[in-house]
Amino acid sequence: PPPPPPARQPAARPPVAEPAGLQAPLTTLRGVGPQQAQRLARLGLSTVGDLLYFLPRRYDDFSNLKTINRLEYGEEVTIIATVVRTEVRQTRGGTGLFKAVLTDQSGYVEATWFNQPYLEERIRRGQQIVVSGKVDEYLGRLCFTSPEWEPLQREQLHTARLVPVYPLTAGINGRWLRQLVKRTVDFWAGRLPDHLPDSVRQEHDLLPLDVALRQVHYPDNREQLEASRRRLAFDEMFVFQLGLLRQRHVWRSAPGRLLTIDDETLQAFVLSLPFALTGAQQRALAAIVADLRSERPMNRLLQGDVGSGKTVVAAAAMALTMAAGAQSALMAPTEILAEQHYHTLQRLFAQWPGRPPVIRLLTGSVLGAEREEIYAGLADGSIDIVVGTHALIQEPVTFRDMALAVIDEQHRFGVVQRLALRQKGGNADGPYTPHMLVMTATPIPRSLQLTLWGHLDVSVIDEMPPGRQPVETRVIPPRARERAYAFLRAQVEGGRQAFIICPLVEESDKIEARSAVEEYERLQKVIFPDLRLGLLHGRMKPSEKEATMAAFAAGELDILVATSVVEVGIDVPNATVMMVEGAERFGLSQLHQFRGRVGRGEHPSYCLLVSDSPSPEAEERLAVVEATTDGFVLAQKDLEMRGPGEFLGTQQSGFPELKMASLTNMRLLEEVREAAFRFFESDPELSDPAHQLLARRVQEVWQGVGEVS
Ligand code: ADP
Ligand code: MG
């Protein structure tokens, strides 16, 4: 056979293009019409830049080139061969079948493809083709079944190399996407100026941007692939860290709102509460009070496990803000959560000896005259505390004097949304930066805190209110599932409610939704025909989700079947069982979050983890969830077993914008953080002419950050 075709690198062109070209919609690319663009959007791709940075899920190693006489059963190989004969047939099942006999002088082998009748037009007798795939066996002879193939050409895309395998969605096939990415990378990579300054690149031994982008898609070999991944991961974290440092810098120098707070007011609020604060709550509150008293705006993260009592700490801060004559806003990610907070605040303020606060709720379902009235009340200052959803950051909302912004479940909001709330601060004397308290129930391992929260001060509530019963957790083998159902039924018959979480499906949310619908129907028809079941999945409209959650919270449903969307902090004290199917596929922190949905009332509660394929590793992980109720321990275990990508690139981090996160590791993270820190010290304004591209990149990624000042 001829030698493998050399990988051809197009000659590097001078970097001339404006990065603006990267913002162009995908429809500007040849072969991408509006319909394809819509499908690509489902993969999170909307601009040319998205496509350049679209990472392969994995690579098929078809670089192993062999002659036909040396093929071995089961191995992944590539052959280069001539088509001797082709044949089209119908199988008895009615599917079409296309067969080609191939030779390379050393021998003959057959390849078969199913349901691809058009291959008859493409693969012709006498043609030279490259075939890659696993060697199969049929009736004692070696063969290929539905292998990748392409005509022999100077540069192979689908065979004979490390072939990228991209995430796909309905209507987008792998070969088409590969070609699209290849054309885009070939055109753009050499035209992009590298925003990492030479000094940084040299010091950390990083590939130039164009090489890294080419190699991450079409690597020449494993070493080049690793080097390109390292460059892109370093790059992204470096820009991210610079953004954090910059934000901290800007916030620290911004004028705050001095609040006059006396200890008596604080005492009065605390004493009026229906319970005594835990030590951890007191410590967090003391730190917050110190922040509110300083002229620098507060930037504090309040981290505490589900049920640790963050809301009351936020409420105290709001009480103090009100007593000092200013307004507060509390933003939550869903309507139902906002409503819950609204009622909680009313309860917490019930015995407060001061002037009763005017608290209002602003969500998407507050309409018409009521909405106008709230807008007016916020603008003239007659409302002291507003609780709401994204509605709070919409255009018409203005405050007279909003000195404290609280964001609950902050990881559910994007950077830009968090900043938007902050930008609503200000009063008649001009704009100021309000104090900001962000809350999260997702523990981040301490070793990652500096990386993610370097711009914030962190308070941890690491103590549960007294009298809380731990949720009893059991790992269940699949064969015990029937017993688990019986247990659920018994709980429901005793007047309680239950959750059943469907397995995580990573390919697409559509498939996940479909399997959730199937599971729901099966459970309703076969297992629990006499009970009231509800369904919740990510493909439902927000209003449908809210309605289902509300029905469950009101006790109108016995069992809620859900995908992982149920995670957010809703309080249904009557729910006592959380059953998780396919538990081994979830992160430990996420299982812990699920578990936090139960055990919120006076009844003993249970978490049943059903594990489908108990590998020793999965068993070990699940045993940790069984054994501990400490979210930090679980987060740390997750980090050790799955790496930092699990936190950085997902919703849990609050920075899902991090696309390269899966490529990183702890060592690289520390290297980057240290590098960014030194770099920032040397040029905090990024004003050095050699750093202009980098400054622009930071600005792009952290859109709007500069405006805060
Ligand atoms: P989370 O931190 O998950 O937001 P919440 O603020 O919703 O937790 O508090 C959970 C529950 O614990 C609430 O019902 C709250 O009233 C109660 N709680 C909070 N702090 C205490 C405390 N110090 N003692 C007793 N119960 C408390
Ligand atoms: Mg909460």
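Rules used throughout
- Residues numbered from 1 in each chain as written.
- Chains lettered and ligands numbered in written order.
- Predicted model: local features only at pLDDT ≥ 70, side-chain atom pairs only at ≥ 80, totals over all residues.
- Heavy atoms only, no water.
- Salt bridge = Lys/Arg side-chain N within 4 Å of Asp/Glu carboxyl O.
- Buried < 20%, exposed > 50% of the residue type's maximum accessible area, 1.4 Å probe, protein only.
- Near = heavy atom within 4 Å.
- Polar contact = N/O pair within 3.5 Å; in protein donor to acceptor, adjacent residues only side chain to side chain.
- Areas by Shrake-Rupley, 256 points an atom, 1.4 Å probe, with all protein chains shown as cover.
- Nonpolar A, V, L, I, M, F, W, Y, C, P; charged D, E, K, R; others polar.
- pLDDT = per-residue confidence, 0-100.
- Contact = heavy atoms within 4.5 Å.
- Pairing = 2+ DSSP bridges.
- Helix = DSSP H or I, 4+ residues; strand = E, 2+ residues; numbered from the N terminus.
- Axes fitted to C-alpha atoms, helices over the stretch in contact; angles between N-to-C directions.

Student: Sorry if this is basic, but what is going on with the pattern of salt bridges here?
Tutor: Side chains that differ in sign of charge can pair as their charged atoms come close. This structure, assessed with the given rule, holds 35 salt bridges. Among the ionic pairs, Arg58 bridges to Asp60, the shortest N-O distance being 2.5 Å. Where Asp291 meets Arg300, a salt bridge forms, and the shortest distance between an N and an O atom there is 2.7 Å. The class of Asp291 is buried, set by a relative accessible area of 15%.

Student: Can you help me understand the site of ligand 1 in this one?
Tutor: By nearness alone, 14 residues border ligand 1, and Ala276, Gln281, Gly307, Lys310 and Thr311 come closest of all. Here an oxygen atom of ligand 1 and a backbone polar atom of Gly309 are 3.1 Å apart. Within the contact set of ligand 1, an oxygen atom lies 2.7 Å away from a side-chain nitrogen or oxygen of Lys310. Considering ligand 1 on its own, with 560 Å² of exposed area, one finds that the protein chains cover 78% of that surface. Across the shell around ligand 1, the residue classes tally to five nonpolar, six polar and three charged.

Student: Explanation requested: the confidence of the model for the protein chain in the structure shown.
Tutor: Interpretation of the predicted coordinates at a detailed level should be avoided for regions scoring low in pLDDT. In this model, the protein chain carries an average pLDDT of 86, and 93% of its residues clear a pLDDT of 70 or more. With pLDDT under 50 throughout, residues 1-17 is counted as low confidence; its partners more than four residues away or in other chains account for 31 contacts. Confidence drops under pLDDT 50 across residues 704-709; counting only partners more than four residues distant or on other chains, this segment forms twelve contacts.

Student: Teacher, can you tell me more about the pairing of strand β6 (residues 141-145) here?
Tutor: The side chains of a regular strand alternate between both faces of the sheet. Sheet topology places strand β4 (residues 108-114) next to β6; three bridges connect them, and they run parallel. Bridge assignment links Thr112 to a residue of β6, and that residue is Thr145. Direction of pairing for strand β5 (residues 128-138) relative to β6: antiparallel, over a ladder of four bridges. Within the sheet, the bridge partner assigned to Glu137 lies in β6 and is Leu142. Counting the residues between successive antiparallel strands, the hairpin from β5 to β6 contains two residues, one of them, Leu139, with a positive phi of roughly 50°.

Student: Quick question: what am I supposed to make of the sheet that holds strand β13 (residues 402-407) here?
Tutor: Pairing between the strands of a sheet is mediated by backbone hydrogen bonds and can be parallel or antiparallel. Read from one edge to the other, the open sheet built from seven strands follows the order β11-β12-β10-β13-β14-β9-β15, with strand pairing classed as parallel. Both outer strands of the open sheet, β11 (359-362) and β15 (457-461), are each paired with one neighbouring strand and no more. Geometrically, the sheet is characterised by an average inter-axis angle of 20° between neighbouring strands, direction not taken into account. When β11 meets strand β12 (residues 385-388), the two strands line up parallel, connected through four bridges. For Leu361, the partnering residue across the bridge sits in β12 and is Val387.

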